[in-house]
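This is what each chain is made of:
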Protein chains: 2
Amino acid sequence: MPITLKQLAQKAEVHPSTISRVANNDPSLRIAPDTRERIEALLRETEYRPNGVARGLKLRQTFVLAVVIPDVTNPFFAALFRGVEDGALSRGYNVLLCNTDGSPDRQRSHLQSLHARRVDGIILASSVLKDPSVRWLRHQRIPHVLVNRFSDEGQDTFVGADDLLGARVATRHLVELGHRRIGHLAGKLTVSTGLMRRRGCLEELEARGLPIDPALVVESGYTEAGGAKAAERILSLPDRPTAIFAVTDMTAIGACTMARRLGLRVPEDLAIVGYNDIPLASRLVPGLTTVRVPIHEFGAAAARLLIDQIVVGDASRRRVIFNPELVVRGSTVAGADDGPLRAQHAAAFATE
Amino acid sequence: MPITLKQLAQKAEVHPSTISRVANNDPSLRIAPDTRERIEALLRETEYRPNGVARGLKLRQTFVLAVVIPDVTNPFFAALFRGVEDGALSRGYNVLLCNTDGSPDRQRSHLQSLHARRVDGIILASSVLKDPSVRWLRHQRIPHVLVNRFSDEGQDTFVGADDLLGARVATRHLVELGHRRIGHLAGKLTVSTGLMRRRGCLEELEARGLPIDPALVVESGYTEAGGAKAAERILSLPDRPTAIFAVTDMTAIGACTMARRLGLRVPEDLAIVGYNDIPLASRLVPGLTTVRVPIHEFGAAAARLLIDQIVVGDASRRRVIFNPELVVRGSTVAGADDGPLRAQHAAAFATE
DNA sequence: TTGCGCTGAACAAACGATTGCTTTATCGTA
DNA sequence: TACGATAAAGCAATCGTTTGTTCAGCGCAA
């Protein structure tokens, strides 16, 4: 068992509180230089580290954050987590990771357990619109930040990208390539990303004077399998689209696979655009045209906002919105892959 | 602030300990049926959850585990983490995640911080041979399990695959395809996976009566960039190999990219085998032939072993070794990709 | 009536650290 | 000589639970 303050106090023949004051550099009380030195030496040689649990009880602060996401094996969320950890570590926080697999029940039970553990704050990337769990967080006054997806507009501190704009840029790209029948795999309309990207897509079509065919807009969920299934539906239509904008890269990948199974060539017969620019997107053949968002930055910014919220103790809602950026690859423009791929490898070498 | 035992006690006009006994179903003391019922009703309506920090202090157990890995954005470690979480959650544990980026210093500092937080146990997937951090864990008697990589043979509870066998199988595959000059990207020889897979590779070559050219065996590290760099070295030799066995899939991917940059076709000019079968491996074009290990199972088994170690309190070392399995794809056999890919998609549909 | 056994619940001591408030020296000064 | 200021360190309460021990009250038998 690690050494305690009381044991140290016995060794040094002083009161535990004195040790605590030296260890914490307590400015409210001065310590005689010689005892201070004696105690500091003792602290060093015993490698004393205060019991974090006891400390947490007394200080009512655990220096633990939690990240709640659907699934860390999805590269998007893995990158997000790294951002959070990188942002939190320098401020002395460790980070718990909870996967919900998209289940509201699992999310709720995770949140309750985290609350019972008295984590200092929660970063939630799995919320749906009007999420009861999010309202519960607000009601319990648990410091929290929503990432990527918001729940009730403007009610919580939020970090994300401008999904409306990103969807418009993606759709515009397809329109400018000459596509007139454009399908959309819309995720879920109970999720802000699904709703906003769909809205952006439709707005852009309308702005360009293109007709909107409701049959070409289908909910797909966010999994690869969901994307494939949804793509199958709209690609089996008598008048199938020549392009698809998918709500995420994973959904787009499902669509790509399905297109191939149906004997369609990408991009010649079907152009596909994804969203997020996960690492996998540039690896596919052809590369996936997509909307890049700064995933790692999402996490780091969320951690910063959360910790600010914790230390200041205010519940003022803040919003950090990044600008998305179109990345053109071979899934929309044949031959577009060469340039970017080379550049990427050069960068990889440079960092080693 | 959440309600405390003391506040509940006031409401119910009983002593806090009585509430605690009801909440915990304490068998050591019997409670009158009517008070029990009264208190249980109160517990339900206030949604009382004991303060985990206070509980942790008193019980000397936090129900928190930690996973220490190089980088969760590496799909191998993301899958590993999921395994751990899935194994731990059902037993009431939450899991902290720490990324080391392969730095021994970061690893050490994480470990110390975790110890100060009194996590109940640590799963370490980033250890090197003769790792001082691992010895420190042993010395502090911190329950721990090493995963995938071991440190000092047999000294710690370990979950992994038979790397020697896996490497032999991979090498045998190349030999049976007729390759006689086989290169090996060996990771790092300070890491058990690097050492064992290299040994397996060389043993198999020797068993098959093939000459071993030391110039064809180079340390590559475990990154994609490292794999590319190492591949460049052996592919620039006057008498270059016709096949490469890489210590991991990521390393193999780097080698693939480098091969293409050097104008070599895979598999016609250069066959490549990786290790682990990360999800990405089946997505590449051509698909990557690799040695599959049950990554998720690694994590789940590690969590089980760790929790057993914690609850029983014994430090008996156990070893769980899974059998690796060769997966043949297009990076060694032209045209091998069709079958497996179709099968995979069928499975994906089935699960939705 | 005294005393014993039993039930049901209160008491109190931890767990290990933090921190406002005393207390004890020590010294300077009136 | 005495008194107050000040420096240095001890005291003790507290954070919220858990749990071994004690205690009050009651019924019953001697």
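These figures come from a predicted structure and were not determined experimentally.

Caption draft 1: Region of the structure containing the protein's contact with DNA strand D. Close to DNA strand D lie 28 residues, the nearest being His-15 and Arg-60 of chain A together with Leu-5, Ser-17 and Arg-55 of chain B. Taken together, the sugar and phosphate atoms account for 61% of what DNA strand D places within 4 Å of the protein. At 2.9 Å from a phosphate oxygen of DNA strand D is found a side-chain nitrogen or oxygen belonging to Thr-35 of chain A. Between DNA strand D and the protein, one listed contact pairs a phosphate oxygen with a side-chain N or O atom of Asn-24 of chain B at 3.2 Å. Going through the elements one at a time, α2 (16-24) and α4 (52-59) of chain A together with α1 (5-12), α2 (16-24) and α4 (52-59) of chain B are the ones with two or more residues in the surface near DNA strand D. Within the surface near DNA strand D, the residues separate by chemical class into ten nonpolar, nine polar and nine charged.

Caption draft 2: Inspection of the packing of aromatic side chains at higher detail. All names here are of chain A. A full pass over the atoms with the stated rule returns ten aromatic pairs over all chains. Ring centres of Phe-245 and Tyr-275 lie 6.4 Å apart, and the angle between their planes is 45 degrees; on these two criteria the pair is classed as tilted. In this pair, Phe-245 sits in strand β8 (residues 243-246) while Tyr-275 sits in the loop between β9 (271-273) and β10 (290-292), placing the two residues 30 residues apart along the sequence. An identical accessibility class is assigned to Phe-245 and Tyr-275; each is buried.

Caption draft 3: Broad picture of the sheet that holds strand β9 (residues 271-273) of chain B. Residues and elements named next belong to chain B. Read from one edge to the other, the open sheet built from four strands follows the order β7-β6-β8-β9, with strand pairing classed as parallel. The sheet is open, and its two edges are formed by β7 (217-218) and β9, each paired on a single side. Note that strand β8 (residues 243-246) and β9 share three bridges and pair parallel. When the bridges of β9 are listed, Ala-243 appears paired with Ala-271. Each of β6 (182-185), β7 and β8 touches helix α10 (residues 224-235); the most contacted strand, β6, lies at about 150 degrees to it.

Caption draft 4: Summary view of the domain arrangement of chain A. The domain boundaries assigned to chain A delineate domain 1 (5-50), domain 2 (61-156 + 295-322) and domain 3 (163-289 + 328-351). Summarising the inter-unit geometry, the C-alpha centres of domain 1 of chain A and domain 2 of chain A are found 37 Å apart.

Caption draft 5: A look at the interface of chain A and chain B. The interface of chain A with chain B comprises 59 residues on the first partner and 60 residues on the second. Between chain A and chain B lies a buried interface of about 5,000 Å² when both sides are counted; carbon and sulfur atoms form 55% of it. In this structure, Arg-82 of chain A and Asp-71 of chain B form a salt bridge, with 2.9 Å as the shortest nitrogen-oxygen distance. Seen at the junction of chain A and chain B, the total is 22 residue pairs in polar contact (both at pLDDT 80 or more). No other element matches the seven residues that helix α5 (residues 75-89) of chain A contributes to the side of chain A that touches chain B.

Caption draft 6: Structural context of the confidence of the model for chain A. Here chain A shows a mean pLDDT of 93. Residues at 70 or above account for 96%. Across residues 339-352 of chain A the pLDDT falls below 50, and counting only partners more than four positions away or on other chains, this stretch makes 15 contacts in the model.

Caption draft 7: How the structure looks around the sheet that holds β9 of chain A. Residues and elements named next belong to chain A. The strand order across the open sheet formed by four strands is β7-β6-β8-β9, and the pairing between neighbours is parallel. At either margin of the open sheet sits one strand with a lone partner, and together these are β7 (217-218) and β9. On the sheet, helix α10 (residues 224-235) packs against β6 (182-185), β7 and β8 and is oriented at approximately 150 degrees with respect to β6. Contacting β6, β8 and β9, helix α11 (residues 249-261) crosses the sheet at an angle of about 160 degrees to β9.

Caption draft 8: Focus on helix α5 (residues 75-89) of chain B. Residue and element names in this part refer to chain B. Between its terminal C-alpha atoms α5 stretches 21 Å, which fits the 21 Å expected from 15 residues at 1.5 Å a residue. Here α5 lies mainly inside the structure; twelve of its 15 residues are buried. One side-chain oxygen at the N-terminal end of α5 lies 2.9 Å from the backbone nitrogen of Phe-76; it belongs to Asn-74.

Caption draft 9: Quick peek at the protein's contact with DNA strand C. Close contacts around DNA strand C come from 28 residues, with Leu-5, Ser-17 and Arg-55 of chain A together with His-15 and Arg-60 of chain B the closest. The sugar-phosphate portion of DNA strand C accounts for 61% of its atoms within 4 Å of the protein, the bases making up the rest. Within the contact set of DNA strand C, a phosphate oxygen lies 3.2 Å away from a backbone nitrogen or oxygen of Asn-51 of chain A. Of all the secondary structure elements, the ones that give two or more residues to the surface near DNA strand C are α1 (5-12), α2 and α4 of chain A together with α2 and α4 of chain B.

Caption draft 10: Layout of the environment of Asp-26 of chain A. Along the chain, Asp-26 of chain A turns up in the loop between α2 and α3 (33-46). Each C-alpha atom, one on Asp-26 of chain A and one on Ile-244 of chain A, is 62 Å from the other, the two residues being 218 residues apart in sequence.

Caption draft 11: Spatial organisation of helix α11 (residues 249-261) of chain B. All names here are of chain B. For α11, which comprises 13 residues, the first-to-last C-alpha distance of 18 Å matches the rise-based estimate of 18 Å (1.5 Å per residue) to within 8%. The buried fraction of α11 amounts to eleven of the 13 residues, a majority that puts the element mostly inside the structure. Here α11 has its buried residues at Asp-249, Met-250, Thr-251, Ala-252, Ile-253, Gly-254, Ala-255, Cys-256, Thr-257, Met-258 and Ala-259. Directly after α11, the chain includes Gly-263, whose backbone phi takes a positive value near 80 degrees.

Conventions adopted
- Here the residue numbers are simple positions, counted from 1 along each chain's written sequence.
- Starting at A for chains and at 1 for ligands, labels are handed out in the order in which the entities are written.
- Totals for whole chains, interfaces and linings use all residues, but because this is a predicted model, local features are given only for residues with pLDDT of at least 70 and pairs of side-chain atoms are given and counted only at 80 or more.
- To get the side-chain values, take all heavy atoms of the structure and skip hydrogens and water.
- By convention in these notes, a residue is near a molecule or strand provided one of its non-hydrogen atoms lies within 4 Å of it.
- Counted as a polar contact is a pair of N or O atoms within 3.5 Å, where, for protein atoms, one must be capable of donating a hydrogen and the other of accepting one, and residues adjacent in sequence contribute only when both atoms are in side chains.
- The helix and strand labels rest on DSSP assignments: H or I over at least four residues marks a helix, E over at least two residues marks a strand, and numbering proceeds from the N terminus.
- Three categories are distinguished: nonpolar for Ala, Val, Leu, Ile, Met, Phe, Trp, Tyr, Cys and Pro, charged for Asp, Glu, Lys and Arg, and polar for the others, with Gly belonging to the last.
- In this analysis, rings of Phe, Tyr and Trp, with Trp reduced to its six-membered ring, are considered paired at centre separations within 6.5 Å, and the interplanar angle assigns stacked below 30 degrees, edge-to-face beyond 60, and tilted for intermediate values.
- The buried label applies to any residue whose accessible area, calculated with a 1.4 Å probe on protein chains only, is under 20% of its type's maximum; exposed applies above 50%, and partly exposed to all values in between.
- One bridge is not enough; two strands pair if DSSP finds at least two bridges between them.
- Any two residues having at least one pair of non-hydrogen atoms within 4.5 Å are treated as being in contact.
- To get an axis, a line is fitted to the C-alpha atoms, and for a helix only the part in contact is used. The angle between two axes follows their N-to-C directions and goes from 0 to 180 degrees.
- Where each domain begins and ends follows an automated or database-derived domain assignment.
- Two parts lose some accessible area (1.4 Å probe) when they are put together, and adding that loss for both gives the buried area.
- Salt-bridge detection follows one rule: a side-chain nitrogen of Lys or Arg within 4 Å of a carboxyl oxygen of Asp or Glu.
- A residue's pLDDT is simply how confident the predictor is in it, with values from 0 to 100.
- By definition here, a helix of n residues has an expected span of 1.5 Å times n minus one.

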